[in-house]
Amino acid sequence: AWGAPVDYQSEVTILPDEQEAIEKKMHVLPEAIKYRIRSSVDAVLWHYLVPNVRGLGDVNIRLIHEYKSISPGKPTKDGGMYGGFAALTGPKPEHKQQAMIYSHCLNVPIVVFVYYNKGNDQLIDFPVPYSSVTWNYVKTRIEKVLRFVDEGNPPPWEYTSAIMNPGECTTCDYLTICNPPTKMSIK
């Protein structure tokens, strides 16, 4: 997985509570605590060697791996494919937003998205550097949701992940309270 197995850690837990992190012998992450983030990162490579960087020599960095499976796409009349894996030119926007949370909390500068084509076992990867622009967008949304929660109110669905990926709502405990539309079109 791009490096020495000893440096690869799968399912890295992010916890929003310092005491819980200490009790579970996990990383205490101040930004996760501040923004009440509980999640799990697919993998972290704690020491990835980039050899022979001009002017620096060997450089050791941390990387996040985010693994995503995706359909191959749909066939076109001319025998090609559209949508799904066939349409990937980079990570999906909702995946970038999710990963910037991980990158920010763990202070890891690069996220590598590895997409797996469920149709033919093909892989493609997209290394993406930390983006303060994406993080600030996500942070603003998190802060809005936290204000609703602190006031004892459920956040309107417009502030939740329903905007980017309504499918995620189907497994949410607050689906009946939030009541997002089942289908939406972006104008």
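Keep in mind it's a predicted model, so treat the numbers as computed, not measured.

> So what exactly am I meant to see when it comes to the overall build of the chain here?
Each helix and strand counted, the chain has five helices and seven strands in total. Reading the chain from its N terminus to its C terminus gives the helix and strand order β-α-α-β-β-β-β-α-β-β-α-α. Buried residues in the chain amount to 32% of all 187 residues. Relative to all contacts within the chain whose residues are 6 or more apart in sequence, the contacts with residues 24 or more apart total 51%.

> Even after reading the chapter, I still don't get the nonpolar core, so can you show me in this structure?
Nonpolar side chains in soluble globular proteins generally cluster together in the buried interior. Membership of the largest hydrophobic core comes to 29 residues, with the highest contact counts inside it found for Ile14, Ile37, Val41, Ile64, Ile101, Leu106 and Ile142. Going through the elements one at a time, strand S1 (8–14), helix H2 (30–35), strand S2 (39–53), strand S3 (57–70), helix H3 (93–106), strand S6 (110–117), strand S7 (123–129) and helix H4 (132–150) are the ones with two or more residues in this core. In terms of residue count, H3 provides more of this core than any other element does, six residues in total.

> I keep staring at the packing of aromatic side chains and nothing clicks. Help me out?
For any pair of aromatic rings, the description rests on two quantities: the centre-to-centre distance and the angle between the ring planes. For the structure shown, the criterion picks out two aromatic pairs. Summarising the aromatic geometry, the rings of Tyr35 and Trp135 are spaced 5.5 Å apart at their centres and angled 80° between planes, so their arrangement reads as edge-to-face. Within this pair, whereas Tyr35 is found in helix H2, its partner Trp135 is found in helix H4, the two being separated by 100 residues in sequence. Of the two residues examined, Tyr35 and Trp135, each falls in the buried class. Considering the side-chain rings of Tyr115 and Phe126, the 6.0 Å spacing of their centres and the 70° angle between planes classify their relative orientation as edge-to-face.

> Looking at this structure, how should I read the pattern of salt bridges?
Side chains that differ in charge, positive against negative, can pair when their charged atoms come close. What the rule picks out here adds up to four salt bridges. Salt-bridge contacts for Glu20 lead to Lys24; the nearest nitrogen and oxygen are separated by 2.9 Å. The closest approach of N and O atoms between Arg36 and Asp150, which form a salt bridge, is 2.8 Å. With Arg36 in the loop between H2 and S2 and Asp150 in helix H4, this residue pair connects regions lying 114 residues apart in the sequence. According to the relative accessible area criterion, Asp150 is exposed, its value standing at 54%. Taken together, the shared-partner salt bridges connect Glu20, Lys24 and Arg38 into one network.

> Please explain the sheet that holds S6 as it appears in this structure.
Strand pairing within a sheet occurs via backbone hydrogen bonds; the two strands may be parallel or antiparallel. With respect to topology, five strands assemble into an open sheet ordered S1-S2-S3-S6-S7, the strand pairing being mixed. The open sheet has two edge strands with one neighbour each: S1 and S7. The sheet shows a mean angle of 35° between the axes of neighbouring strands, direction not considered. Pairing of S2 with S3, which is carried by seven bridges, proceeds in the antiparallel orientation. Among the inter-strand pairings, Val44 is bridged to a residue of S3, identified as Ile64. Each of S1, S2, S3, S6 and S7 touches H3; the most contacted strand, S3, lies at about 140° to it.

> What is the right way to look at the packing of H3 against H4 in this model?
Axes are the key here: two packed helices are described by the angle between their axes and the distance separating the axes. Packing of H3 against H4 brings their axes to within 9 Å, and their N-to-C directions diverge by 90°. Here H4 runs roughly perpendicular to H3, going by the angle between their axes. Taken together, the residues of H4 that come into contact with H3 (itself represented by Lys96, Gln97, Met100, Ile101 and His104) are Thr134, Trp135, Tyr137, Val138, Arg141 and Ile142. Of the residues assigned to the contact of H3 with H4, the class counts are six nonpolar, three polar and two charged.

Scoring rules and cut-offs
Residues numbered from 1 in each chain as written. Predicted model: local features only at pLDDT ≥ 70, side-chain atom pairs only at ≥ 80, totals over all residues. Heavy atoms only, no water. Helix = DSSP H or I, 4+ residues; strand = E, 2+ residues; numbered from the N terminus. Buried < 20%, exposed > 50% of the residue type's maximum accessible area, 1.4 Å probe, protein only. Contact = heavy atoms within 4.5 Å. Core = buried A, V, L, I, M, F, W, Y, C linked by side-chain atoms within 4.5 Å. Phe/Tyr/Trp six-rings, centres within 6.5 Å; stacked < 30°, edge-to-face > 60°. Salt bridge = Lys/Arg side-chain N within 4 Å of Asp/Glu carboxyl O. Pairing = 2+ DSSP bridges. Axes fitted to C-alpha atoms, helices over the stretch in contact; angles between N-to-C directions. Parallel < 35°, antiparallel > 145°, perpendicular 65-115°, else oblique. Nonpolar A, V, L, I, M, F, W, Y, C, P; charged D, E, K, R; others polar.

That is the geometry; function is a separate question.
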